[in-house]
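Below, each chain spelled out in residue letters.
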Amino acid sequence: MARVEELLRTEKDWTISFGDYTLASKTKLDNFEFEGDLYKVKTFSEITKLERNGMFVYESVPGSAVENFKATDTEVNFQISAPEDVNFTLELQPESEYEVLIGGASAGKMTTNLSGKLSVSVELGGDESTEVRIVKM
């Protein structure tokens, strides 16, 4: 996929897609309304960051492109692509256990810290993409 031309868009299945790791300089889109919330995305080759109502949701280093992002109280699903291995962090429920699935295979169980952050590394390369699913235990 490599990029979301609009930086942030609504999909037909009521998910959102965001990020463009092909950009050379930081670009942002603010005040994007989706399901009553306001989203902000900052993205370029070094980082992609998503906020909802001024609160942290997602960040990747280096930059990434995320398709069909959907988050509920018990699960987060999305497709991620990047030109190389990528580390992403999500804001979830504090001190909770989650199973992380990458490309349909379990990458194990992880526990969020006191602030609810969960950090995951994904091996990608050459504009590859993979499905990520994180399920609360």
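Now for a look at the structure at hand.

## As for the layout of surface pockets
There is about 250 Å³ of room inside the largest pocket. Among the secondary structure elements, those contributing two or more residues to the lining of the largest pocket are β6 (55–61), β7 (65–71), β8 (75–82) and β9 (86–91). In the lining of the largest pocket, the residues fall into eight nonpolar, two polar and four charged.

## Observations concerning the sheet that holds strand β12 (residues 117–122)
Pairing in this open sheet of six strands is antiparallel, and the strands run β3-β4-β5-β6-β9-β12 from one edge to the other. Every interior strand has two partners, whereas the edge strands, β3 (27–34) and β12, have only one. Across this sheet, the average inter-strand angle for adjacent strands is 15°, counted without regard to direction. Note that β3 and strand β4 (residues 37–44) share six bridges and pair antiparallel. Note on β4: the bridge partner recorded for Phe-32 is Tyr-39.

## Structural notes on the nonpolar core
Tyr-58, Phe-78, Phe-88 and Ile-134 are the most contacted members of the largest nonpolar core, which has 30 residues in total. In contact with Phe-88, not counting residues within four places along its chain, are Tyr-58, Glu-59, Ser-60, Phe-78, Ile-80, Leu-118, Ser-119, Val-120, Val-122, Val-132 and Ile-134.

## A short note on the pattern of salt bridges
Two side chains bearing opposite charge may form a pair once their charged atoms approach each other closely. Overall, the coordinates contain six salt bridges when judged by the stated rule. Close ionic contact of Glu-11 with Arg-9 constitutes a salt bridge, the shortest N to O distance being 2.6 Å. Across the salt bridge formed by Lys-49 and Glu-51, the nearest N and O atoms sit 3.9 Å from each other. The exposure class of Glu-51 is buried, given its relative accessible area of 17%. Each member of the salt-bridge network shares a partner with another, and the members are Glu-6, Arg-9, Glu-11 and Glu-67.

Calculation rules
Residues numbered from 1 in each chain as written. Predicted model: local features only at pLDDT ≥ 70, side-chain atom pairs only at ≥ 80, totals over all residues. Heavy atoms only, no water. 1 Å grid on protein atoms, 1.4 Å probe; cavity = no way out; pocket = protein on both sides within 12 Å on 5 of 7 lines; lining within 4 Å. Points joined across faces, edges and corners; volume = space filled by probe spheres on them. Helix = DSSP H or I, 4+ residues; strand = E, 2+ residues; numbered from the N terminus. Nonpolar A, V, L, I, M, F, W, Y, C, P; charged D, E, K, R; others polar. Pairing = 2+ DSSP bridges. Axes fitted to C-alpha atoms, helices over the stretch in contact; angles between N-to-C directions. Core = buried A, V, L, I, M, F, W, Y, C linked by side-chain atoms within 4.5 Å. Buried < 20%, exposed > 50% of the residue type's maximum accessible area, 1.4 Å probe, protein only. Contact = heavy atoms within 4.5 Å. Salt bridge = Lys/Arg side-chain N within 4 Å of Asp/Glu carboxyl O.

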